[in-house]
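# What the coordinates show
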Amino acid sequence: MEIRKLLANEKPPMELLLSADPSALLVEEYLKRGECWVGTMDNEIIAEYVLLPTRPETVEIVNVAVDEIRQGQGFGKQMVLHAIKIAKQLGYKTIEIGTGNSGISQLALYQKCGFRMTGIDRDFFIRHYSEAIYENGIQVVDMVRLSQDL
């Protein structure tokens, strides 16, 4: 897999972006302020992440997705590790990421990549999404926040 920044004339991979965040409105908003990076194989986008500056010296990965048929093959880890590398190159001191309380595989992945849990944003998904979201048979209610020093 090759990882590169989404080209200015390319359309964002909305299907992938929406698989990680079902709110088209939120996705459109952070695409305006962040940078979208894509993982490609045979000229096909199979993964993506969005890096969004949030505070001085802090950047957040706000969306990570891998094509469903390629999940579990290490591509998500490659994308997260790439985001960390890019954040370091850009001079950020802290990188953050969040996931739903039911994102068991995501929580494991982020910790394997060096992130540590820093807090819980209670009722985040109730406040920001009009429809209930379920993952692993559990309603996604709280945002688990993680970060790492770079």
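For the structure, see preceding data.
Report follows, based on the coordinates. Small disclaimer: the values here were computed from a predicted structure and weren't measured. (Residues numbered from 1 in each chain as written. Predicted model: local features only at pLDDT ≥ 70, side-chain atom pairs only at ≥ 80, totals over all residues. Heavy atoms only, no water.)

Further remarks concern the sheet that holds strand 3 (residues 44-55). Spatial ordering of the open sheet is given by 1-2-3-4-5-9-6, a layout of seven strands whose pairing is mixed. In this open sheet, the two strands that pair with only one neighbour each are strand 1 (2-5) and strand 6 (116-121). Across the sheet, the mean angle from the axis of one strand to that of its neighbour is 30°, orientation sign disregarded. Strands strand 2 (35-41), strand 3 and strand 4 (58-66) of the sheet are contacted by helix 2 (residues 24-33), whose axis makes an angle of about 70° with strand 3. (Pairing = 2+ DSSP bridges. Helix = DSSP H or I, 4+ residues; strand = E, 2+ residues; numbered from the N terminus. Axes fitted to C-alpha atoms, helices over the stretch in contact; angles between N-to-C directions. Contact = heavy atoms within 4.5 Å.)

Right, let's talk about the pairing of strand 2 for a bit. Along strand 2, five of the seven residues are buried, which leaves the element largely enclosed by surrounding structure. Sheet analysis places strand 1 next to strand 2, joined by four bridges and oriented antiparallel. Bridge assignment links Lys5 to a residue of strand 2, and that residue is Trp37. With seven bridges joining them, strand 2 and strand 3 adopt antiparallel strand pairing. Paired with Cys36 across the two strands is Val50, which belongs to strand 3. The loop that links strand 2 with its antiparallel partner strand 3 comprises two residues; one of these, Asp42, has a positive phi angle of about 50°. (Buried < 20%, exposed > 50% of the residue type's maximum accessible area, 1.4 Å probe, protein only.)

The terminal C-alpha atoms of helix 3 (residues 75-89), which comprises 15 residues, lie 21 Å apart, in line with the 21 Å expected from a rise of 1.5 Å per residue. All of the buried residues along helix 3 are Phe75, Gly76, Met79, Val80, His82, Ala83, Ile84, Ile86 and Ala87. (Expected span 1.5 Å × (residues − 1).)

A separate point is the packing of aromatic side chains. Tallied over the entire structure, the rule returns four aromatic pairs. Residues Trp37 and Tyr49 carry aromatic rings whose centres are separated by 6.2 Å and whose planes lie at 10° to one another, so their mutual orientation is stacked. Of the two residues, Trp37 is situated in strand 2 and Tyr49 in strand 3; the sequence distance between them amounts to twelve residues. For Tyr49, a relative accessible area of 0% puts it in the buried group. Considering the side-chain rings of Phe125 and Tyr129, the 5.5 Å spacing of their centres and the 25° angle between planes classify their relative orientation as stacked. According to the relative accessible area criterion, Phe125 is buried, its value standing at 11%. Looking at Tyr129, the relative accessible area reads 12%, which means it is buried. Grouped by ring-pair contacts, the aromatic residues Phe124, Phe125 and Tyr129 constitute a single cluster. (Phe/Tyr/Trp six-rings, centres within 6.5 Å; stacked < 30°, edge-to-face > 60°.)

What follows is about the environment of Ala65. Checked against the element boundaries, Ala65 lands in strand 4. Look at Ala65 and you get buried, because its relative accessible area is 5%. Separated by 49 residues in the primary sequence, Ala65 and Leu16 place their C-alpha atoms 5.8 Å from one another. Those residues in contact with Ala65 that lie beyond four places of it in its chain are Leu16, Ser19, Ala20, Ile46, Ala47 and Glu48.

By the element assignment, Thr94 lies in strand 5 (residues 94-100). With relative accessibility at 18%, the residue Thr94 sits in the buried group. With residues up to four places along the chain from it excluded, the contact list for Thr94 reads Glu57, Thr58, Val59, Ser147, Gln148, Asp149 and Leu150.

Everything listed here is a matter of geometry and, on its own, says nothing about what the molecule does.
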